[in-house]
Amino acid sequence: MKYPDPRRIAAQLFPIVQWSRQYGADVAIGDVIAGFTVALTLIPQSIAYASLAGLEPQYGLYASFIGGFVYGVMGTCPQINIGPTALLSLMTFTYTNGTNPDFAVLLCFIGGIVQLVAGTVQLGFLVEFVSLPVVSGFTSAAAITIASSQIKGLLGLKFSAESFLGTWEGVFKHILETRLQDTLLSLVCCITLIGMKALKDIHIKDPEGEKGRRRAVIIQRTLWLAGVARNAVVVLLASIIAFFVHQDKEDPLILTGNITPGLPTPQPPPFQTSVGNTTYTAGGMFAHLGSGLLVVPLVGIISNVAIAKAFARGRTLDATQEIIALGACNVVGAFFRSFPVNGSFTRSAVSDSSGVRTPAAGFYTGIIVLLTLALLTPYFYFIPRAALASVIICAVLQMVDIAIIKRLWASSKMGLICGVGIDVILLLYYHSRPPLDVEFVDNGILPSHYAIYPVGGLHFAGAERVRAKLIVLRNSKGLQRSTPTPETLRGIPDNGPYANVANGGNILETNVVANGTTVAAGTPNRTYLSSNVRKLNVLVIYCDGLYRMDYTFLQSIKMMVTEWSQSGSIVWCNAKPVIREQLESVLNNAAFCDSEQLGVLLHSLSVIEEQQPQVEVIGDTQL
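These notes cover the structure that comes with them. None of the values given here were measured: they were computed from a predicted structure. (Residues numbered from 1 in each chain as written. Predicted model: local features only at pLDDT ≥ 70, side-chain atom pairs only at ≥ 80, totals over all residues. Heavy atoms only, no water.)

Remarks on the overall build of the protein
Link 1 in the chain: Broken down by element type, the protein carries 26 helices and 12 strands.
Link 2 in the chain: By residue count, 48% of the 623 residues in the protein fall in the buried class.
Link 3 in the chain: Of the contacts formed within the protein by residues at least 6 apart in sequence, a portion of 80% connects residues at least 24 apart.
Link 4 in the chain: For the protein, the accessible surface area stands at approximately 30600 Å², while carbon and sulfur atoms represent 62% of it. (Helix = DSSP H or I, 4+ residues; strand = E, 2+ residues; numbered from the N terminus. Buried < 20%, exposed > 50% of the residue type's maximum accessible area, 1.4 Å probe, protein only. Contact = heavy atoms within 4.5 Å. Areas by Shrake-Rupley, 256 points an atom, 1.4 Å probe, with all protein chains shown as cover.)

Some points on the pairing of strand 9 (residues 538–542)
Link 1 in the chain: When you tally the buried positions in strand 9, you get five out of five residues, the bulk of the element.
Link 2 in the chain: Side chains Val 538, Val 540 and Tyr 542 of strand 9 all project onto a buried face; the interleaved residues Leu 539 and Ile 541 project onto the opposite face, where all are buried too.
Link 3 in the chain: When strand 9 meets strand 11 (residues 569–573), the two strands line up parallel, connected through five bridges. Following the sheet pairing, Leu 539 is matched in strand 11 by Ile 570. (Pairing = 2+ DSSP bridges.)

Quick notes on the side chain of Ser 64
Link 1 in the chain: As for its position among the elements, Ser 64 is in helix 4 (residues 57–74).
Link 2 in the chain: Filtering out sequence-adjacent residues up to four positions away, Ser 64 remains in contact with Leu 42, Ser 46, Ile 82, Pro 84 and Val 369.

What about the side chain of Lys 576?
Link 1 in the chain: Here Lys 576 is to be found in the loop between strand 11 and helix 25 (577–584).
Link 2 in the chain: Judged by its relative accessible area of 16%, Lys 576 falls in the buried class.
Link 3 in the chain: Setting aside chain neighbours within four positions, we find Lys 576 in contact with Gly 98, Cys 543, Asp 544 and Leu 546.

Quick look at the environment of Lys 173
Link 1 in the chain: Mapped onto the fold, Lys 173 is located in helix 9 (residues 164–173).
Link 2 in the chain: C-alpha separation for the pair Lys 173 and Phe 159, spaced 14 residues apart in sequence, amounts to 9.7 Å.

A closer look at the packing of aromatic side chains
Describing an aromatic ring pair means giving the distance of the ring centres and the angle of the ring planes.
Link 1 in the chain: Considering all chains together, one arrives at 12 aromatic pairs under this definition.
Link 2 in the chain: Each ring, one from Phe 65 and one from Phe 336, has its centre 5.8 Å from the other, and the planes form 80 degrees; the classification is edge-to-face. Residue Phe 65 is found in helix 4, and its partner Phe 336 is found in the loop between helix 15 (319–334) and strand 4 (342–343); the two are separated by 271 residues along the sequence. The pair Phe 65 / Phe 336 is uniform in exposure class, with both members buried.
Link 3 in the chain: What links up through ring pairs into an aromatic cluster is the set Phe 109, Phe 271, Phe 286 and Phe 335. (Phe/Tyr/Trp six-rings, centres within 6.5 Å; stacked < 30°, edge-to-face > 60°.)

Section: the pattern of salt bridges
Link 1 in the chain: This model, assessed by the stated rule, comprises three salt bridges.
Link 2 in the chain: Among the salt bridges present, the one from Asp 102 reaches Arg 337, with a minimum N-O distance of 2.9 Å. One end of the pair, Asp 102, is in helix 6 (residues 101–120); the other, Arg 337, is in the loop between helix 15 and strand 4, and 235 residues separate them in sequence. Arg 337 shares its class with Asp 102; the two are buried.
Link 3 in the chain: With a shortest N-O distance of 2.6 Å, Arg 179 and Asp 182 are connected by a salt bridge.
Link 4 in the chain: With a relative accessible area of 1%, Asp 182 lands in the buried category. (Salt bridge = Lys/Arg side-chain N within 4 Å of Asp/Glu carboxyl O.)

Regarding a nonpolar patch on the surface
Link 1 in the chain: There is a patch of nonpolar side chains on the surface, built from Val 233, Leu 236, Leu 237, Ile 240, Ile 241, Phe 243, Phe 244 and Val 245 and spanning about 750 Å² of accessible area.
Link 2 in the chain: Along the chain, Ile 241 turns up in helix 12 (residues 230–245). (Patch = residues over 30% accessible without salt bridge, like charges linked within 9 Å, V, L, I, M, F, W, Y side chains within 5 Å.)

Quick word on the pairing of strand 11
Link 1 in the chain: A large share of strand 11 lies buried, amounting to five of its five residues.
Link 2 in the chain: Residues Ser 569, Val 571 and Cys 573 of strand 11 are buried on one face, and the alternating residues Ile 570 and Trp 572, pointing to the opposite face, are buried as well.
Link 3 in the chain: For the crossover from strand 11 across helix 25 to strand 12 (residues 591–593), the handedness is right-handed. (Right-handed = clockwise from strand over helix to strand, strands pointing away.)

Written as structure tokens, this is what we have:
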């Protein structure tokens, strides 16, 4: 039996073993120049992309240094630079918005494991089944979405938005709040970035004479370096301007603010975390990330392999090794608080034009990022957000591929029309059938109530479906159920989330507003142990998984609340700030609480209803 040669396996898994044998000073010079040049692009981009991912700026730097070291050891394409990218940053925000950085770090770790498994079982060939139009359409749509998300940064607006339409709606709603200083700065930054990008494409004619040719070479290289380092130059100049015009009392520009200095402490990825008053175990974190655990690593694989193919230049590409290298970058990066990363085409092109020779260029880029984290982070306070928004927009707009639409139309008009039509039909169908769990809760722990668990976004097309489900549920269960008896309440575990419900005499810690009646802080909650509390007709809407609602759906919600309130109460549990703001814009005296307050609020409502006469209204519109 012939055993595999360990040295051959090591050389295949760690390509550095092969190319390091011929690594000399002439090769190192090319890598040093390329590594330094890429760092000038990477550092401002990483800070901007961290903001795009919904994280603090230092997380962009955390995600920038370790990938260069790992890929330098395991990668095969010298040009590829591993770090934050606009596409994965947007996807990270999509799956971790409303949580904390621990979710992004766990997404990075699990995504890396998925990539390692895909590479280990030789799944690199599956990338061939993802067609060019699909990749182009996905990338173009992501670029437009990313650019739209930065519009508020360009104009200096402050509002919460989590979707493409929500962003533009917020822009038009708050357009009169546009800050002139930030807008002018972003306009100057965009013009400068576009102009400097053209510098590297200027070609100087070869003059006669040796001295003239040397001068031409120097000018040519200076123009090229200025064009390549345009992001760093613009951010630096904008920061200097912000430093001189900054005032303690009145901030003329919106700044990045404090960035946590120092290097990240190596630690295992988090499998348990707390967001507000909610504690997530590993299962809860996985459930929240959902399909992102597969989608994010898949997109990373497709992008990385596509970049490697672009720079292969006739050489044989080991797609499986590229997948393994990318997976290792994400797995190791998660131990240093990184969010998901992959190769960047822009930075890879910069590296290629800088004369890179081997993947060791990532070592030098990583060292510069480490020095930046250790020494320069206090100075990043003055980076204007308008400058970062300009960097992102100018970087992603070039990803929009308009030419492919013309080519597809010329080659297959009917196929393009059918594809768009089917997508529109599917989009309308899923918007009219929102994922919605409606049930009647009668578990003996809390007072019996109706519960809705909306997930994702709720739009006008699904408004009537929500009301129809409530009608069916309410008619099938009847209008009233009794609250638990005192004996049942005493059976609640002392260490449970509603332990205060079981211990009569505890005090409410916060004010809770319920349908116009305030249960004040300091109110003894022993009242809900009374055996003669009124039967409740309460609808609890759990908003944990809800992140947007459109205008028409809000109007339908208003109608639903009006109808239900004729014979009961509605409670909004765990509503995110943006959802609460939307609801308060159409509802008066809405009842909001979190999971810990829910038990107290439901029992308080029983006392409120006991003090008010029951009104029965029978009509065609009543739920």
